[in-house]
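Single-letter residue listing:
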Amino acid sequence: MSLYATVKGFLSTILLVTLFVTPFVLSSSSYTNPVINSNTPDPGVLYDKRINSFIAVSTSNYFQLKKSKINKIPIKTEKEEENGIFPIHISQDLATWHFVGYVFPSVQNISWGYTDFWAPEIHSISLTNSDGSTFTRYLIYFTARKKDHNNQLCIGVAYSDNHPLGPFKDIGKPLVEDIDMGNIDAHFYNDADKSGNYYLLYKTDGNGAVPKQPAKIWIHQLNKDGLSLNQNYQKKLLMQNTEKWEGDCVEGPWVIRQNNLYYLFYSANTYNTYRYAVGIAVSDTTIDGNYIKSNNKLPILFTNENDKAFLGPGHCSVVKCPRNGNYYMIYHTWVSGHVDQAVPGRVMNVDIVNFNVNSWNATVARFNQPSSSPLPVPCPLN
């Protein structure tokens, strides 16, 4: 039985239990961060209509986690399937998450990569068969280190047709590769409302180079299959680290279009310190246009060194709730007192995003800092 079929059955069971036995199974009226209190770095989140759920994929880790519970629901642990790559969690409210498996059951599923499996994202596109019928392709964009003499970080892509939870098939080679520079943190954007094209944003890992170079975020157009680059398109530079708070790094791009503006969320500074934070830049022309760093060029989600709940928030997804129309940021952060520690690692938080059209700005949570008190459940789908 496929993971997709298993999860469909799982969701049906959960719904029945919710209706007839225990109303708290999916969610209560409130939640408190973190929503996943174990290592879940770089969460990439998609809402999928087929299973009426949010799907989150995250960076792989090999910490030996103990059995745990999330909001009273027993879940699998990483230890049960130590060789899996990119954990998958699902939710029907953005607050309660269930671990259901992995994008790749084994490292052998990625023929060209062997380690450093980072920052996956899951997206979907609609394609047409030769007979005119349509189908949905689910795409996983990810980072891995290539096993050759260059040993560079590259961007890969895998796909699954009609099955949101796989199995996923890697295309057998990197999608983005440079023998002189690592490429990481891929982000897919469907410019359906304007150009109708698909785009890939990614970071050249200048801060990881020797000697260090500026970290840069680029954009390249994809072909309609989502699996290859449009070679007739010249990649464009969108931004690099220029502000003091960014340190030597910008990374983790995520774009949404709201109020006829393109909002590019990004993370900056050193990931394993309290200085890691989320910034925003805005383009009022095109997806590959001129982005201006907003909020007086300061971060829109940050922490201070002595904060008592969370430190170093970043690498976010921003998704729209189909029920209430609100946008929510899903991001990782360290727990105060446990920065750069394996347990609990980088936990996963959810906070609301509000947009200010007049100032080309956005705010996260209440004071642009991770929330740590009870809040209404973000997006109950049932």
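Residues numbered from 1 in each chain as written. Predicted model: local features only at pLDDT ≥ 70, side-chain atom pairs only at ≥ 80, totals over all residues. Heavy atoms only, no water.

## A look at the pairing of strand β7 (residues 97-104)
As a general feature of sheets, a regular strand has side chains that alternate between the two faces. The buried count for β7 comes to eight of eight residues, which makes it a mostly enclosed element. Here strand β6 (residues 85-91) hands over to β7 after five residues, with leucine 94 in that stretch at a positive phi of 70°. (Buried < 20%, exposed > 50% of the residue type's maximum accessible area, 1.4 Å probe, protein only. Helix = DSSP H or I, 4+ residues; strand = E, 2+ residues; numbered from the N terminus. Pairing = 2+ DSSP bridges.)

## A short note on the side chain of histidine 89
Residue placement: histidine 89 occurs in strand β6. Looking at histidine 89, the relative accessible area reads 4%, which means it is buried. Those residues in contact with histidine 89, other than ones at most four positions away along the chain, are Ile36, Phe54, Ile55, Ala56, Trp97, His98 and Phe99. (Contact = heavy atoms within 4.5 Å.)

## What to know about unusual backbone geometry
For residues that are not glycine, phi is negative in most cases, and the peptide bond is trans in most cases. A cis amide bond links glycine 166 to the next residue, proline 167, at an omega of 15°. As for its placement among the helices and strands, proline 167 is situated in the loop between β10 (153-161) and β11 (169-170). Cis geometry marks the peptide bond from valine 343 to proline 344, where omega comes out at 0°. Residue position: proline 344 is located in the loop between β21 (327-335) and β22 (346-356).

## Section: the nonpolar core
Val103, Phe104, Ile140, Phe142 and Phe168 are the most contacted members of the largest nonpolar core, which has 23 residues in total. If you list the elements that add at least two residues to this core, you get β3 (53-57), β6, β7, β8 (113-128), β9 (134-146) and β10. Phenylalanine 168 has contacts with Val103, Phe104, Ile122, Tyr138, Ile140, Ala158, Tyr159, Ser160 and His163, leaving out every residue within four places of it along the chain. (Core = buried A, V, L, I, M, F, W, Y, C linked by side-chain atoms within 4.5 Å.)

## Digging into the sheet that holds β10
Across the sheet, which stays open at both edges, the four strands sit in the order β8-β9-β10-β11 with antiparallel pairing between neighbours. One side of each edge strand has no neighbouring strand; the edge strands of this open sheet are β8 and β11. Inspection of the sheet shows β8 paired to β9 by eleven bridges, in the antiparallel sense. Across the sheet, the residue bridging to serine 126 is threonine 136, located in β9.

## Overview of the packing of aromatic side chains
Summed over all chains, the structure comprises 15 aromatic pairs. A ring pair is formed by tyrosine 189 and tyrosine 262, whose centres lie 6.1 Å apart and whose planes are at 75°; its orientation type is edge-to-face. Separated by 73 residues along the polypeptide, tyrosine 189 in strand β12 (residues 183-190) and tyrosine 262 in strand β17 (residues 261-268) bring together distant segments of the chain. With a relative accessible area of 9%, tyrosine 189 lands in the buried category. The ring centre of tyrosine 198 lies 4.5 Å from the NZ or CZ of lysine 224, which sits over that ring. The ring of tryptophan 218 carries the charged tip of lysine 235 above its face, separated from the ring centre by 4.3 Å. (Phe/Tyr/Trp six-rings, centres within 6.5 Å; stacked < 30°, edge-to-face > 60°. Lys NZ or Arg CZ within 6 Å of the ring centre and 35° of its normal.)

## Considerations on the sheet that holds strand β18 (residues 277-283)
Remark on secondary structure: sheet strands pair via backbone hydrogen bonds, oriented parallel or antiparallel. Here four strands make up an open sheet; going across it, the order is β16-β17-β18-β19 and the pairing antiparallel. Each of the sheet's edge strands pairs with one partner strand only, and the pair in question is β16 (250-258) and β19 (292-293). Looking at chain direction, β18 and β19 are connected through two bridges and run antiparallel. Following the sheet pairing, alanine 281 is matched in β19 by lysine 293.

## Some words on the layout of surface pockets
One number sums up the size of the largest pocket: a volume of about 950 Å³. The wall of the largest pocket is formed by 29 residues, among which Leu46, Tyr47, His123, Asn190 and Lys320 lie closest to the centre. Breaking the lining of the largest pocket down by element, the ones donating at least two residues are β2 (44-48), β8, β9, β12, β16 and β20 (310-320). Here the residues of the lining of the largest pocket sort into 16 nonpolar, six polar and seven charged. There is about 740 Å³ of room inside the second largest pocket. In this structure, the second largest pocket is lined by 39 residues; those nearest its centre are Asp42, Asp116, Trp118, Tyr271 and Arg346. At the level of secondary structure, the elements contributing two or more residues to the lining of the second largest pocket comprise β8, β12 and β21. Considering every element that reaches the lining of the second largest pocket, the biggest residue donor is β8, with four residues. Class assignment of the residues belonging to the lining of the second largest pocket gives a composition of 13 nonpolar, 15 polar and eleven charged. (1 Å grid on protein atoms, 1.4 Å probe; cavity = no way out; pocket = protein on both sides within 12 Å on 5 of 7 lines; lining within 4 Å. Points joined across faces, edges and corners; volume = space filled by probe spheres on them. Nonpolar A, V, L, I, M, F, W, Y, C, P; charged D, E, K, R; others polar.)

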